[in-house]
Amino acid sequence: MDIVGSRYLGLDVSENILTKATIRQRVQIPISFSGVEEYIGEFVSFNDLCDGKEHIAICVGKWRNSEAPLVRLHSECLTGDVFGSARCDCGPQLKEAMLRLSKESGIILYLRQEGRGIGLYNKLDAYILQDKGIDTYEANHRLDFPLDMRDYRCAVQMLHALGVNKINLLSNNPDKAEQLRQFGIDVQGMVSTSVFSNPHNQFYLKAKVLRAGHKINLDRGL
């Protein structure tokens with residue numbers, strides 16, 4: 001099994017001191033999904049994030065009342081989140097998180113790390129390679145990128161700015177929990193997302209399990 005993670009980024013996890021980020025602005029935005037009653041999400045922007053990108057937090061409900069709120073780290077996926085691409089499970093995962101938080105409260109950190117950090121254009125180039133039978137990780141490698149370039153130190157900064165140091169993580173990806181813990185977040189537990197399989201993303205989901213150790217029950221969804 002080829003587990004991707006922080007070692008592919010060259011992160012010095014022994015030096016876990018991060019610069020302090022601060023809250024830039026908070027704004028209340030009504031959110032609604034088909035068949036779900038409208039609710040209010042607080043969208044939070046930040047100053048001084050370590051990678052200089054415009055990540056946001058979406059805070060829902062009475063998350064401050066929880067010692068360890070439910071938190072989803074969601075990497076931006078324009079094709080899946082906005083246009084409903086069936087090549088991945090990103091869009092359904094985001095929708096599931098938003099619906100779940102409307103009932104349970106919590107935080108989504110929406111991270112601008114398209115294509116596991118390689119960007120939108122390069123992700124589309126990787127799709128061309130995937131059409132030739134190469135899995136999503138090997139496609140990144142053949143484009144001269146690490147298998148996974150995502151760096152979750154910015155997420156740690158965001159959580160600290162929100163006053164959150166202890167969470168339950170809504171994810172199937174063990175690397176997210178590993179990086180958060182390495183930089184000082186107490187991940188008390190991981191809550192699995194559902195299995196969102198379809199004829200177009202089964203090879204992609206299998207690669208996430210076999211090459212990155214994602215906790216996805218393929219028998220349940222494939």
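Scroll up to find the structure.
Residue positions within a chain follow its written sequence, with the count starting from 1. Only residues with pLDDT of at least 70 are given local features in this predicted model, and only at 80 or more are side-chain atom pairs given and counted; all residues enter the totals for whole chains, interfaces and linings. Values shown for side chains rest on all heavy atoms present in the structure; no hydrogens or waters enter the calculation.

Engineer: Please explain the overall build of the chain as it appears in this structure.
Structural biologist: Only DSSP runs of H or I with at least four residues qualify as helices, and only runs of E with at least two residues qualify as strands; both kinds are numbered from the N terminus onward. What the chain contains, in helices and strands, is 8 helices and 7 strands. Going through the 222 residues of the chain one by one, you find that 50% of them count as buried. Counted over contacts in the chain with a minimum sequence separation of 6, partners at least 24 positions apart contribute 64%. Computed by Shrake-Rupley with a 1.4 Å probe, the accessible areas treat only the displayed protein chains as cover when residues are assessed. Just so you have it, the chain exposes about 10,900 Å², and 49% of that area is on carbon and sulfur atoms. The classification of residues rests on relative accessible area computed with a 1.4 Å probe and restricted to protein chains. Under 20% of the type maximum is buried, over 50% is exposed, and intermediate values are partly exposed. Any two residues whose heavy atoms approach within 4.5 Å at even a single point are treated as in contact.

Engineer: Help me understand the pattern of salt bridges, please; the structure alone is not making it clear to me.
Structural biologist: Whenever a carboxyl oxygen of Asp or Glu lies within 4 Å of a side-chain nitrogen of Lys or Arg, that contact is scored as a salt bridge. One pass over the structure, following the stated rule, counts 13 salt bridges. Close ionic contact of Lys-166 with Glu-67 constitutes a salt bridge, the shortest N to O distance being 2.7 Å. Of the two residues, Lys-166 sits in strand β6 (residues 166-170) while Glu-67 sits in the loop between β3 (56-60) and β4 (70-75), which places them 99 residues apart along the sequence. Residue classification places Glu-67 among the exposed residues on the basis of a relative accessible area of 61%. Taking the shortest distance from any N to any O, the salt bridge between Lys-208 and Asp-89 comes out at 3.1 Å. Of this pair, Lys-208 sits in helix α7 (residues 202-212) while Asp-89 sits in the loop between α1 (78-82) and α2 (90-104), placing them 119 residues apart in sequence. Asp-89 carries the same exposure label as Lys-208, and that label is buried. Taken together, the shared-partner salt bridges in this structure form one network comprising Asp-135, Glu-138, Arg-142 and Arg-211.

Engineer: Would you explain the side chain of Asn-140 in this entry?
Structural biologist: Mapped onto the elements, Asn-140 comes out in helix α4 (residues 136-142). With residues near it in sequence (within four places) discarded, Asn-140 still touches Gly-115, Arg-116, Ile-118, Ala-126, Phe-145, Pro-146 and Leu-147.

Engineer: Would you explain helix α3 (residues 120-130) in this entry?
Structural biologist: Along an α-helix, residues three or four apart share an orientation, since each turn contains 3.6 residues. The set of residues buried in α3 consists of Lys-123, Ala-126, Tyr-127, Leu-129 and Gln-130. Mapping the buried residues of α3 onto a view down its axis gives an arc of 160 degrees, with all of them on the same face. On the buried face of α3, the contacting elements are α1 and α4. Of all possible arcs, the one meant is that of the directions from the helix axis to the C-beta atoms.

Engineer: Mind showing me how you'd approach a nonpolar patch on the surface here?
Structural biologist: Nonpolar side chains (Val, Leu, Ile, Met, Phe, Trp, Tyr) within 5 Å and like charges within 9 Å form the patches, drawn only from residues with over 30% relative accessible area and no salt bridge. A surface patch of nonpolar side chains, amounting to about 310 Å² of accessible area, comprises Leu-78, Val-82 and Phe-83. For Val-82, a relative accessible area of 54% puts it in the exposed group.

Engineer: Would you explain the environment of Ser-32 in this entry?
Structural biologist: Structurally, Ser-32 can be placed in strand β1 (residues 22-33). Using a relative accessible area of 47% as the deciding quantity, one classes Ser-32 as partly exposed. Distance from Ser-32 to Leu-99, taken between C-alpha atoms, is 9.1 Å for residues 67 residues apart in sequence.

Engineer: Help me out: how do you make sense of the packing of aromatic side chains in this one?
Structural biologist: How two aromatic rings sit relative to each other is given by the distance of their centres and the angle of their planes. Here is the rule: rings of Phe, Tyr and Trp (six-membered ring for Trp) pair when centre to centre is within 6.5 Å. Planes less than 30 degrees apart are stacked, more than 60 are edge-to-face, and the remainder are tilted. Taken as a whole, this structure holds 0 aromatic pairs when the rule is applied. Charges are assigned to positions over rings by a cutoff of 6 Å between ring centre and Lys NZ or Arg CZ, combined with an angular limit of 35 degrees from the ring normal. Positioned above the aromatic ring of Tyr-127 is the side chain of Arg-87, whose terminal nitrogen or guanidinium carbon lies 4.2 Å from the ring centre. Arg-116 extends its terminal NZ or CZ atom over the ring of Tyr-137, reaching a point 4.2 Å from the ring centre.

Engineer: Honestly, the side chain of Gln-113 in this entry has me stumped. Any pointers?
Structural biologist: Of note, Gln-113 is situated in the loop between β5 (106-111) and α3. Pairing of N or O atoms within 3.5 Å defines a polar contact, subject to two protein rules: one partner must be a possible hydrogen donor and the other a possible acceptor, and residues neighboring in sequence count only if both atoms are side-chain atoms. In terms of polar contacts, Gln-113 uses its side chain to reach the backbone amide nitrogen of Asp-151, at 3.2 Å. Once residues lying within four places of it in the same chain are set aside, the contact partners of Gln-113 are His-55, Ser-75, Glu-76, Arg-150, Asp-151 and Tyr-152.

Engineer: Explanation requested: the nonpolar core in the structure shown.
Structural biologist: Grouped burial of nonpolar side chains is what soluble globular proteins tend to show. Here, nonpolar core refers to any group of buried Ala, Val, Leu, Ile, Met, Phe, Trp, Tyr and Cys residues whose side-chain atoms link them within 4.5 Å. One finds Ala-57, Leu-73, Ile-107, Leu-109, Leu-162, Ile-167 and Leu-180 to be the most contacted residues of the largest nonpolar core, which totals 27 residues. Secondary-structure elements contributing two or more residues to this core are β2 (36-47), β3, β4, β5, α5 (153-161), β6 and α6 (174-182). Aside from chain neighbours lying at most four places away, what touches Ile-107 is Ala-57, Ile-58, Cys-59, Trp-63, Leu-70, Val-71, Arg-72, Leu-101, Leu-162 and Val-164. Core analysis: the next-biggest nonpolar cluster, separate from the first, contains 13 residues, Ile-31, Phe-43, Leu-94 and Ala-97 among them.

Engineer: What's the story with the environment of Asp-148 in this structure? I'm lost.
Structural biologist: The residue Asp-148 is located in the loop between α4 and α5 in this model. C-alpha separation for the pair Asp-148 and Thr-136, spaced 12 residues apart in sequence, amounts to 9.9 Å. At 2.9 Å, the side chain of Asp-148 forms a polar contact with the side chain of Arg-150.

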